[in-house]
Amino acid sequence: MCSRTPSDAVAYGVNPMERNVRLVVDQFAESLQTNATNPPAAARLPLHYLAKGLVKLLETARRELDSDRDAAKASLVAASSILQSEIERSSGANGSRPGALAGWQIARVRAFIEENLHSNIDTTDLSAVAQRSPAHFSRLFKQAFGEPPHAYVIKRRLERACHLMVTTSESLSEIALSAGFSDQSHLCRLFRRAFGQSPSTWRRHHKIPASISRDGIGEEC
């Protein structure tokens, strides 16, 4: 399968500003996780530490609102993500099972999968994103998502393919690659197994006739 390049990142909507925001949020989440490993410290996470970071982001958003709306939006997104991370950390510290994936780990793994559906995704990659041992990650993933990593990724790729079939006129071969399948036959085989019909038949029933695609009749699996 293919690997991501800088141009891929831009093509899939990951611009430098978004990467910087994610870096800030990830660093904050990691600091929260470090505190969470010590229950007394987690319970006394300094409020001023959280507040100062949020105040800076909100001040930046207010300052840039008229001159740079993208920068303002990025700051608000970061502030929202930090608050969500703290809420999830607190919920996990108070109610999650020992050894289970924390809320911030689940969110980070889910985001990584969505951003990389078009490329190869290994369990080792996901365990690294969650900062957990590969030896136990698959079990923890199934506890959190209800199915093994590979099954979840395939399901999301099929859902991505369905979305592309009803919102674009791209050929099935192009959609297969965009959704992370090795080729059209790979998509067709897994699609039939999941939905009991071919992608072209499913597409026609959802009012996107195969004839408007570039492959036309050649779309049939």
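It should be emphasised that the depicted structure is a prediction, and the values quoted were computed from it without experimental measurement. (Residues numbered from 1 in each chain as written. Predicted model: local features only at pLDDT ≥ 70, side-chain atom pairs only at ≥ 80, totals over all residues. Heavy atoms only, no water.)

A.B. asks: Provide a residue-level description of helix 11 (residues 184-195), including the pertinent values.
C.D. replies: An ideal rise of 1.5 Å per residue puts 16 Å on 12 residues; helix 11 measures up with 16 Å between its terminal C-alpha atoms. When we look at burial in helix 11, the residues that qualify are Gln184, His186, Leu187, Cys188, Leu190 and Phe191. Buried residues in helix 11 make contact with helix 9 (149-167), helix 10 (172-178) and helix 12 (199-205). (Helix = DSSP H or I, 4+ residues; strand = E, 2+ residues; numbered from the N terminus. Expected span 1.5 Å × (residues − 1). Buried < 20%, exposed > 50% of the residue type's maximum accessible area, 1.4 Å probe, protein only. Contact = heavy atoms within 4.5 Å.)

A.B. asks: Describe the packing of helix 6 (residues 103-115) against helix 7 (residues 123-130), and please don't skip the residues or the numbers.
C.D. replies: Running from N to C, helix 6 and helix 7 cross one another at 140°; their axes reach a closest spacing of 8 Å. Here helix 7 runs oblique to helix 6, going by the angle between their axes. For the pair helix 6 and helix 7, the crossing hand works out as right-handed. Two secondary-structure elements touch here, helix 6 through Trp104, Gln105, Arg108, Val109, Phe112 and Ile113 and helix 7 through Asp125, Leu126, Val129 and Ala130. (Axes fitted to C-alpha atoms, helices over the stretch in contact; angles between N-to-C directions. Parallel < 35°, antiparallel > 145°, perpendicular 65-115°, else oblique. Left-handed = near helix turned anticlockwise from the far one by under 90°.)

A.B. asks: Could you give an account of the side chain of Ser200, with specific residues and numbers?
C.D. replies: Along the chain, the position of Ser200 falls in helix 12. At a separation of 3.1 Å, a polar atom in the side chain of Ser200 contacts the side chain of Ser198. (Polar contact = N/O pair within 3.5 Å; in protein donor to acceptor, adjacent residues only side chain to side chain.)

A.B. asks: Could you give an account of the packing of aromatic side chains, with specific residues and numbers?
C.D. replies: The final tally for this structure, using the stated rule, is six aromatic pairs. Measuring from ring centre to ring centre gives 4.2 Å for Phe141 and Phe145, while their planes differ by 15°; the resulting arrangement is stacked. Within this pair, Phe141 and its partner Phe145 are both found in helix 8 (residues 134-145), separated by four residues, close to a single helical turn. As far as burial versus exposure is concerned, Phe141 and Phe145 are alike and both buried. Through successive ring pairs, a cluster of aromatic residues spans Phe137, Phe141, Phe145 and Tyr152. (Phe/Tyr/Trp six-rings, centres within 6.5 Å; stacked < 30°, edge-to-face > 60°.)

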